[in-house]
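What the coordinates show
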Amino acid sequence: MTYQSNMLEDLEFNNDHFPSIILNNGSIKTLEQAQAWINQNQATIKKELACTGAVLFRGFPVSDAVSYDAFFSAFGYDNFTYKESLSNAVRINYTDLVFSANEAPKNVEIYLHSEMAQTPVFPNIISLFCEKTAITGGATILCRSDVVYQKVAAAEPQLTEKLSSVGVKYTNRIPAADNADSAQGRGWQSTLSVETRDQAEQKLRNLGYTWQWHSDGSLSAQTRALSAIKSIENGRQVFFNQIIAAYEGWEGVKDDPSVGLCFGDDSPIPSHFLDSICDIASETAYDLVWQDGDVAVVDNHLSMHGRRPYSGDRVRRVLVTLGL
Ligand SMILES: [Fe+2]
């Protein structure tokens, strides 16, 4: 159930609605007023975010990358720069903080994931701003990670317990060069922020990864065991990983999960468990149908996100910032 509030007076600080939607009641007309209002109400907004996992701001005076940068900055999060991340999604930077959500083609679905949870370096906050909606489709998918955990644990208690105790390893095929036609199209030099193969290997060694070079210049890198289920404040257990995105979206993984995924002890993750996780998440997911100017702030541990495919001539533009 979603919950709409005019400004802040009706917020309930409970977690049985998702996401929270805060509508500008018309009292905030300028970007400066928006920044002052966020500054003043930061604690209240962050408390709501910690309960529900996602807060949507609708009707605020945010119209482009620059005003979005200013709006998001008012929350006072520490900056998490995309450049320093190990993400291999292809993106474009618009300001120091703001970049494109994903340059993957419009017909490509981006499956539910916790941002950068397939690497040891990830943001705590992900924010999205819709500058321009698509004509058809293009919703951002949001899904509560604690609810997914509860349902998966109820459906598959033993495998969930194993996933919780040993974690998961991801194997990623990183292309030789940037390729904007793929959801994971960033080449190994950009992904790892290095120039040479020696530097790449040193970086991977430091991260505890194992790797293999291919004759086409691409690289397969396997992470060390990473947490897939975490405990957060108030003892809530959350699903925090990229298992769904890897299984549904990475090349060849659906047919043979071992191509991209295994338990942290190197044993295979059964397909029926992966199918069950995907089914549960898709039943739990909420489509955020954008309006121009919407800003969403998402707690990366409490909510997973993804993107529906879209169509039409209008260029959908959703921009992102990350915070710690
Ligand atoms: Fe993402």
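Residues numbered from 1 in each chain as written. Predicted model: local features only at pLDDT ≥ 70, side-chain atom pairs only at ≥ 80, totals over all residues.

With that out of the way, let us pick up the pairing of strand E17 (residues 303-307). Burial runs high along E17: five of the five residues are buried. Residues Ser303, His305 and Arg307 line one face of E17 and the alternating positions Met304 and Gly306 line the opposite face, and both faces are buried. Relative to E17, strand E5 (residues 110-113) runs antiparallel, the two sharing two bridges. From the neighbouring strand, Ile110 faces E17, where its bridge partner is Arg307. Sheet analysis places strand E8 (residues 140-144) next to E17, joined by five bridges and oriented antiparallel. (Buried ≥ 20, exposed ≤ 12 C-beta atoms within 10 Å, placed from the backbone. Helix = DSSP H or I, 4+ residues; strand = E, 2+ residues; numbered from the N terminus. Pairing = 2+ DSSP bridges.)

By domain assignment, the chain separates into domain 1 (3-137 + 286-323) and domain 2 (146-282). Each of domain 1 and domain 2 has a C-alpha centre, and these two points are 24 Å apart. Sort the elements by how many residues they give to the side of domain 1 that touches domain 2 and E5 lands first, with four residues. Of the residues contributing to the side of domain 1 that touches domain 2, the split by class is 13 nonpolar, seven polar and two charged. (Domains from an automatic or database assignment. Nonpolar A, V, L, I, M, F, W, Y, C, P; charged D, E, K, R; others polar.)

Let us now look at the nonpolar core. Formed by 85 residues in total, the largest nonpolar core has its most connected members in Tyr68, Leu112, Ile243, Val295 and Leu319. Of the residues that make up this core, three or more belong to each of domain 1 (3-137 + 286-323) and domain 2 (146-282). Residues contacting Val295, with those up to four places away along its chain left out, are Phe57, Phe60, Val62, Tyr68, Phe71, Ser127 and Phe129. (Core = buried A, V, L, I, M, F, W, Y, C linked by C-beta atoms within 7 Å. Contact = placed C-beta atoms within 7 Å.)

Within the open sheet, the four strands sit side by side as E5-E17-E8-E15. Their pairing is antiparallel. Each edge of the open sheet is held by one strand with a lone partner, namely E5 and strand E15 (286-288). The average undirected angle you get between the axes of adjacent strands in this sheet is 20°. Looking at chain direction, E8 and E15 are connected through three bridges and run antiparallel. Across the sheet, the residue bridging to Leu142 is Tyr286, located in E15. Here helix H3 (residues 145-155) sits on the sheet in contact with E8 and E17, set at roughly 60° to E8. (Axes fitted to C-alpha atoms, helices over the stretch in contact; angles between N-to-C directions.)

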